[in-house]
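Each chain, letter by letter, is given below.
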Amino acid sequence: AYGALKLEATEAVLAVPGVTVARIFRAVGPGDTASVLAQAARAALRRERFAMTTGEQVREWNRVDAVAEGLVNAAALPDLAGSIVNVGGGPAVSVLDAVRAVFEAAGADPGLIDAGGRAQRANEVPRLVGDHSRARLAWGAIPQPPLRQTMSEFVAWTAARLEGAA
């Protein structure tokens with residue numbers, strides 16, 4: 001249902017003259033309080049067990065500022081009007097490896113990660129990574145730091161939020 005709704009919305013938006021559809025792939029960084037990585041960061045910082053699916057599914061992980069830069073670029077290029085452009089281009093890594101990077105950044109025991117402790121969602125997509133060739137042609141690649149650096153900065157932001165709430 002989610003995919004069908006996204007397709008319908010995309011078609012409706014593209015019917016409007018002068019509009020570009022920007023598809024954002026996973027964003028990681030300040031402001032994220034609900035994703036699997038946000039949940040993992042809180043668990044790691046609290047030294048709590050983190051139950052998750054097997055985490056075998058591969059996702060593209062993008063720093064929020066890289067996504068923001070891509071959105072600004074897409075909006076500034078009238079030649080893209082009437083098209084779909086994927087925004088991102090970050091590393092493609094399994095969810096489990098991304099969660100491990102979060103625990104490592106927090107200095108937490110990776111043994112607290114309970115991979116397989118939760119059931120997979122129905123109809124889980126095994127690999128969700130964008131084709132960013134249109135974006136690269138339009139404005140070039142947006143540099144992103146290594147995933148471990150992004151996770152380290154994200155964990156530090158999460159830790160500051162937790163300390164501020166205490």
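Residues numbered from 1 in each chain as written. Predicted model: local features only at pLDDT ≥ 70, side-chain atom pairs only at ≥ 80, totals over all residues. Heavy atoms only, no water.

Draft legend 1. Broad picture of the overall build of the protein chain. Across its full length, the protein chain carries six helices and nine strands. Along the first, second and third principal axes, the C-alpha atoms of the protein chain reach 50 × 30 × 30 Å. Taken across its 166 residues, the protein chain has 37% of its residues classed as buried. Surface accessibility of the protein chain: about 9300 Å² in total, with carbon and sulfur atoms responsible for 55%. Across the protein chain, the centroid of the 17 positively charged side chains sits 3 Å from that of the 17 negatively charged ones. (Helix = DSSP H or I, 4+ residues; strand = E, 2+ residues; numbered from the N terminus. Buried < 20%, exposed > 50% of the residue type's maximum accessible area, 1.4 Å probe, protein only. Areas by Shrake-Rupley, 256 points an atom, 1.4 Å probe, with all protein chains shown as cover. Lys, Arg positive; Asp, Glu negative; His and termini not counted. Charge placed at Lys NZ, Arg CZ, Asp CG, Glu CD.)

Draft legend 2. Local environment of the sheet that holds strand 9 (residues 127-128). Strand order in this open sheet of three strands is 7-4-9, and the pairing throughout is mixed. The open sheet has two free edges, formed respectively by strand 7 (92-94) and strand 9, since each of these has just one partner strand. By the bridge criterion, three bridges tie strand 4 (residues 58-60) to strand 7 in an arrangement that is antiparallel. Looking at strand 7, one finds that Glu60 is bridged to Ala92. Running at roughly 85° to strand 7, helix 4 (residues 95-106) makes contact with strand 4 and strand 7 of the sheet. (Pairing = 2+ DSSP bridges. Contact = heavy atoms within 4.5 Å. Axes fitted to C-alpha atoms, helices over the stretch in contact; angles between N-to-C directions.)

Draft legend 3. Representation of the pattern of salt bridges within the structure. If you walk through the whole model with that rule in mind, you get seven salt bridges. Measuring nitrogen to oxygen at the nearest pair gives 3.0 Å for the salt bridge that ties Arg100 to Asp97. With Arg100 and Asp97 both in helix 4 and three residues apart, this pair spans about one turn of that helix. Between Arg148 and Glu104 there is a salt bridge, and its shortest N-O distance comes to 3.4 Å. With a gap of 44 residues between them, Arg148 in helix 6 (residues 147-165) and Glu104 in helix 4 connect regions that are remote in the sequence. One network of salt bridges, with partners in common, ties together Arg59, Arg121 and Glu124. (Salt bridge = Lys/Arg side-chain N within 4 Å of Asp/Glu carboxyl O.)

Draft legend 4. Inspection of the nonpolar core at higher detail. Among the nonpolar cores identified, the biggest contains 25 residues, and Leu37, Trp61, Val99, Phe103 and Met151 are the most heavily contacted of them. Top element by residues in this core is helix 4. It accounts for eight residues. Contacts of Leu37, omitting those with residues within four sequence positions, involve Val28, Trp61, Ala98, Val99, Val102, Met151 and Phe154. (Core = buried A, V, L, I, M, F, W, Y, C linked by side-chain atoms within 4.5 Å.)

Draft legend 5. Just the side chain of Asn62, in detail. As for its placement among the helices and strands, Asn62 is situated in strand 5 (residues 62-63). A relative accessible area of 0% means that Asn62 is categorised as buried. Within the structure, the side chain of Asn62 is placed 3.0 Å from the side chain of Glu60, a separation counted as a polar contact. Within polar-contact distance, the side chain of Asn62 engages the side chain of Gln144 at 2.9 Å. Apart from residues no more than four positions distant in its own chain, Asn62 is found in contact with Phe25, Arg26, Ala27, Val28, Val67, Gly88, Gly89, Gly90 and Gln144. (Polar contact = N/O pair within 3.5 Å; in protein donor to acceptor, adjacent residues only side chain to side chain.)

Draft legend 6. Main features of the environment of Arg42. Structurally, Arg42 can be placed in helix 2 (residues 36-46). Separated by 113 residues in sequence, Arg42 and Val155 have C-alpha atoms that sit 8.3 Å apart. Discounting chain neighbours no more than four positions away, the residues touching Arg42 are Thr33, Thr158 and Leu162.

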